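Chain and residue survey
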Amino acid sequence: GTSSRFCQQYKSTDCVILTLNRNKYAGQLCAVCGSSAQSSTAERIGYISRIESFSACHRLHSIHLSDEENKKVYGKCNNPNGHGHNYKVEVTVRGKIDAKTGMVMNLTDLKKCIEEVIMIPLDHKNLDKDVPYFTTVVSTTENVAVYIWDNMVKVLPPGLLYEIKIHETDKNVVVYQGE
């Protein structure tokens, strides 16, 4: 359809706006100049990420594998004495930017959620011995991301959590989006 809305390129409402409703091409374009158009009342979606670091040790060892299989699968990470990481976690929320506050979420509230879900239970802990979840689940970074996701969704407003990204090392990064 067409309508008269604000044209971003010409900064006027004189252009004719086409509304597109085709999968990833959904949006509005000016039929005259081809620029995108935004209604002044359009809801804006924003993403906020907070980064926090924590230190923890663990041993990669599955109760479902023999000792020999564990050594083969996990190599030096199956060391009986474990090993540690300085994890960097990025928690990203996605939502509407509130017209009154200008925020998707108050960062102070997000920081409190991260403290409760990540820092208190995981920082300076032995994941396998101090976190009950990991008594039956291998403490891979993938599973640490799942653990954080499952607990963050309990303390954040519904539908706000978008992504958990964990940097286990400078070269190893895990991303989990609740799937």
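Right above here is the structure, for reference.
The following paragraphs examine the structure supplied in this document. Keep in mind the model is a prediction, meaning the values are calculated, not measured. For every chain, the first residue of the written sequence is number 1, and numbering continues from 1 onward in sequence order. Per-residue local features are limited, in this predicted model, to residues with pLDDT of at least 70; the limit for side-chain atom pairs, both in listing and counting, is 80 or more; totals at the level of whole chains, interfaces and linings are taken over all residues. The side-chain quantities take in all heavy atoms of the structure and omit both hydrogens and water.

Some thoughts on the pattern of salt bridges
Note on definitions: salt bridges are taken to be side-chain nitrogens of Lys or Arg within 4 Å of carboxyl oxygens of Asp or Glu. This model, assessed by the stated rule, comprises two salt bridges. Notably, a salt bridge pairs Glu-43 with Lys-96, separated by 3.5 Å at the nearest N-O pair. With a gap of 53 residues between them, Glu-43 in the loop between strand E3 (27-30) and strand E4 (45-58) and Lys-96 in strand E5 (residues 83-96) connect regions that are remote in the sequence. A simple rule labels every residue: compare its accessible area, found with a 1.4 Å probe on the protein chains alone, to the largest value its type can have, and call it buried under 20%, exposed over 50%, or partly exposed in between. Residue classification places Glu-43 among the exposed residues on the basis of a relative accessible area of 57%. Only DSSP runs of H or I with at least four residues qualify as helices, and only runs of E with at least two residues qualify as strands; both kinds are numbered from the N terminus onward.

Here we look at a nonpolar patch on the surface
A cluster of nonpolar side chains, contributed by Ile-45, Tyr-47 and Tyr-162, occupies part of the molecular surface with about 280 Å² of accessible area. Following the sequence through the fold, Ile-45 ends up in strand E4. Like-charged residues are merged into a patch within 9 Å and nonpolar side chains (Val, Leu, Ile, Met, Phe, Trp, Tyr) within 5 Å, provided each residue has over 30% relative accessible area and no salt bridge. Residue-level accessible areas treat just the shown protein chains as cover; the underlying method is Shrake-Rupley with a 1.4 Å probe.

What to know about helix H4 (residues 141-155)
A helix is expected to span 1.5 Å multiplied by its residue count minus one. Taking 1.5 Å as the rise per residue, H4 with 15 residues should run 21 Å; its terminal C-alpha atoms sit 21 Å apart, in good agreement. Buried within H4 we find Thr-141, Val-144, Ala-145, Val-146, Tyr-147, Ile-148, Trp-149 and Met-152.

Digging into the layout of surface pockets
Here a cavity denotes grid points, spaced 1 Å and computed from the protein atoms alone, that fit a 1.4 Å probe unable to get out, and a pocket denotes an open set having protein on both sides within 12 Å along at least 5 of 7 lines; residues with an atom within 4 Å of a point are the lining. Grid points are joined across faces, edges and corners, and a volume is the space filled by probe spheres set on the points. In this structure, the largest pocket encloses a volume near 310 Å³. At the level of elements, E4 and helix H3 (127-130) are the ones that each hand at least two residues to the lining of the largest pocket. Split by residue class, the lining of the largest pocket holds six nonpolar, eleven polar and three charged. Ten residues, namely Ala, Val, Leu, Ile, Met, Phe, Trp, Tyr, Cys and Pro, are considered nonpolar, four, namely Asp, Glu, Lys and Arg, are considered charged, and the remaining ones, Gly among them, are considered polar.

With respect to the sheet that holds strand E7 (residues 161-167)
Taken in spatial order, the five strands make up an open sheet running E6-E4-E5-E7-E8, and their pairing is mixed. Each edge of the open sheet is held by one strand with a lone partner, namely strand E6 (125-126) and strand E8 (173-176). When DSSP locates at least two bridges between a pair of strands, those strands are taken to pair. Of the pairings in the sheet, the one linking E4 to E6 comprises two bridges and is parallel in character. When the bridges of E6 are listed, Cys-57 appears paired with Asn-126. Against the sheet, H4 touches E4, E5, E7 and E8, its axis set at about 145 degrees to E7. Residue contacts follow a heavy-atom distance rule, with two residues in contact if any of their heavy atoms lie within 4.5 Å. Geometry is summarised by axes, namely lines fitted to C-alpha atoms with helices restricted to the contacting stretch, and by angles between N-to-C directions that run from 0 to 180 degrees.

A look at unusual backbone geometry
In this structure, His-124 is a non-glycine residue whose phi angle is positive, near 55 degrees. Looking at where His-124 falls in the secondary structure, it is placed in the loop between helix H2 (107-122) and E6.

As for the environment of Val-175
Positionally, Val-175 belongs in strand E8. Residues contacting Val-175, with those up to four places away along its chain left out, are Glu-163, Ile-164 and Lys-165.

Regarding the side chain of Asn-78
Tracing the backbone through its elements, the reader meets Asn-78 in the loop between helix H1 (67-74) and E5. Between N or O atoms, a polar contact is any pair within 3.5 Å; within protein, one atom must be a potential hydrogen donor and the other a potential acceptor, and residues adjacent in sequence are included only when both atoms are from side chains. At 2.9 Å, the side chain of Asn-78 and the side chain of His-61 are in polar contact. Not counting chain neighbours up to four residues away, the residues in contact with Asn-78 comprise Arg-59, Leu-60, His-61, Asn-70 and Lys-71.

Focus: the pairing of E7
Most of E7 sits inside the fold, with five of its seven residues counted as buried. When E5 meets E7, the two strands line up antiparallel, connected through six bridges. In the sheet register, Lys-88 faces E7, and the bridge partner there is His-167. Of the pairings in the sheet, the one linking E7 to E8 comprises four bridges and is antiparallel in character. Within E8, the position partnered with His-167 by the bridge is Val-173. Linking E7 to E8, which pair antiparallel, is a turn of five residues.

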